[in-house]
Amino acid sequence: MAETLSFHIVSDNLADFEKILALVKNYNPDVDLSAVSSMDNWMWENRQYLNIDGIEEKLLQEKIVFIDLKSPAVNDIGIYAEYINNKYVYDLWINSDEFNDTDTRIEHINKYIKIFNHVLKKTVNRFTFDLIAVGFETVFNYQKNIIDTIKRSDNIFLWAINERMPETGFTDKYKIYKSSNNVYKFLLNGESDFEMSVLRLFKETLNK
């Protein structure tokens, strides 16, 4: 059974999707845009197709935007975007059978994490984040309060949280690390070689 790897982002900024897609394609030419659509709710009611330049209008109308990507290397790949409590909330996800191959699992996961970090490196100076969350088969429930977001979300092994966020109230299952530039704190659930390698990648990117 395929697994889904998700990167959740909360930001004050509207993403430049054309630039992001160009960066992804530059790093991995196999990824292409399939379609962009909006919908009223997670039941996919009132689905409408649109161009990338129509995304902001739909988000401000409190629609859910779905950017459907395609790649021969995976089953499904895409981005969901919402505008919640005056924040842009993004979910970049990859569904792949590769993640179930015990021998090459970490290699495949790291490949997509490196693509995500490649995009971050090119946008981090123009795109501020309240938080980034990474996990498999995640439940991400964004709340205005970051502590409530963490408590109501599940299956997330790494949080990167802006230092403006509170110091206390995190659940005991996370160990806290800080970036050397004192802009982000990282909450890590687990200390395996894989989890520590993901932490190092994010720290290197967000320390810039």
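Note that this is a predicted model, so its numbers are computed, not measured.

Participant: Sorry, what's going on with the overall build of the chain here?
Facilitator: A tally of regular secondary structure across the chain gives 5 helices and 10 strands. When burial is assessed residue by residue, the chain has 53% of its 208 residues classed as buried. For the chain, the proportion of contacts with a sequence separation of at least 24, taken over those separated by at least 6, is 56%. Of the roughly 10500 Å² of accessible surface on the chain, 45% is carried by carbon and sulfur atoms.

Participant: What is the right way to look at the sheet that holds strand 6 (residues 87–96) in this model?
Facilitator: In sheet architecture, strand pairing relies on hydrogen bonds along the backbone and comes in two forms, parallel and antiparallel. Read across the sheet, 10 strands follow the order 3-2-4-5-6-1-7-8-10-9 without closing on themselves; strand pairing throughout is antiparallel. The two strands at the open ends of the sheet, each matched to only one other strand, are strand 3 (48–49) and strand 9 (175–178). Two strands pair when backbone bridges link them, and strand 5 (residues 76–84) and strand 6 are joined in this way by 9 bridges, in the antiparallel orientation. Bridge pairing in strand 6 links Ala81 to Tyr90. The strands that helix 5 (residues 193–206) touches are strand 1 (3–11), strand 7 (129–139), strand 8 (154–162), strand 9 and strand 10 (184–188); relative to strand 10, the one it contacts most, it runs at about 170°.

Participant: Any chance you could explain unusual backbone geometry here in plain terms?
Facilitator: Backbone geometry at Glu62 places phi at a positive 65°, although glycine is not the residue there. Relative to the elements of secondary structure, Glu62 occurs in the loop between helix 2 (55–60) and strand 4 (64–70).

Participant: Any chance you could explain the packing of aromatic side chains here in plain terms?
Facilitator: The description of an aromatic ring pair rests on the distance of the ring centres and on the angle between the ring planes. This structure, assessed with the given rule, holds 10 aromatic pairs. Centroid distance Tyr83 to Tyr88: 4.7 Å. Interplanar angle 50°. Geometry classified as tilted. Overall, Tyr88 belongs to the buried group, its relative accessible area being 7%.

Participant: Sorry if this is basic, but what is going on with the nonpolar core here?
Facilitator: A general feature of soluble globular proteins is that nonpolar side chains tend to end up buried together. Of all hydrophobic cores here, the largest spans 50 residues; its most connected members are Phe7, Ile113, Ile132, Leu158, Phe186 and Phe202. With 7 residues, helix 3 (residues 105–123) is the largest single contributor of residues to this core. In this structure, Phe7 is in contact with Tyr90, Asp91, Leu92, Ile94, Tyr112, Ile113, Phe116, Ala133, Val134 and Phe202, ignoring residues within four places of it in sequence. Among the nonpolar cores identified, the runner-up in size contains 14 residues, and Val10, Leu131, Ala133 and Ile147 belong to it.

Participant: Whenever I open this one, the pattern of salt bridges confuses me. Can you help?
Facilitator: Should the charged atoms of two oppositely charged side chains come close, the side chains can pair. Across all of its chains, the model carries 5 salt bridges by this definition. Of the charged contacts in the structure, one is a salt bridge between Lys63 and Asp40, with a shortest N-O distance of 2.6 Å. Highlighted residues: Lys63 in the loop between helix 2 and strand 4 and Asp40 in the loop between strand 2 (32–39) and strand 3, separated in sequence by 23 residues. We classify Lys63 as buried; its relative accessible area is 19%. With a shortest N-O distance of 3.2 Å, Glu191 and Lys175 are connected by a salt bridge. Of the two residues, Glu191 is situated in the loop between strand 10 and helix 5 and Lys175 in strand 9; the sequence distance between them amounts to 16 residues.

Participant: For this particular structure, what's the right way to read the pairing of strand 10?
Facilitator: Two faces, one strand: in a regular strand the side chains alternate between the faces of the sheet. Taking burial as the measure, the 5 residues of strand 10 include 5 buried ones, the bulk of the element. Burial of strand 10 is two-sided: the residues Tyr184, Phe186 and Leu188 facing one way and the residues Lys185 and Leu187 facing the other way are all buried. Where strand 8 lies against strand 10, 5 bridges are found, and the strand directions are antiparallel. Bridge pairing links Leu158 to Leu188 in strand 10.

Participant: Sorry if this is basic, but what is going on with the side chain of Ser11 here?
Facilitator: Within the secondary structure, Ser11 sits in strand 1. Using a relative accessible area of 0% as the deciding quantity, one classes Ser11 as buried. Every residue in contact with Ser11, bar those within four places of it in the chain, is listed here: Lys87, Tyr88, Tyr90, Phe127, Thr128 and Asp130.

Parameters at a glance
- Residues numbered from 1 in each chain as written.
- Predicted model: local features only at pLDDT ≥ 70, side-chain atom pairs only at ≥ 80, totals over all residues.
- Heavy atoms only, no water.
- Helix = DSSP H or I, 4+ residues; strand = E, 2+ residues; numbered from the N terminus.
- Buried < 20%, exposed > 50% of the residue type's maximum accessible area, 1.4 Å probe, protein only.
- Contact = heavy atoms within 4.5 Å.
- Areas by Shrake-Rupley, 256 points an atom, 1.4 Å probe, with all protein chains shown as cover.
- Pairing = 2+ DSSP bridges.
- Axes fitted to C-alpha atoms, helices over the stretch in contact; angles between N-to-C directions.
- Phe/Tyr/Trp six-rings, centres within 6.5 Å; stacked < 30°, edge-to-face > 60°.
- Core = buried A, V, L, I, M, F, W, Y, C linked by side-chain atoms within 4.5 Å.
- Salt bridge = Lys/Arg side-chain N within 4 Å of Asp/Glu carboxyl O.

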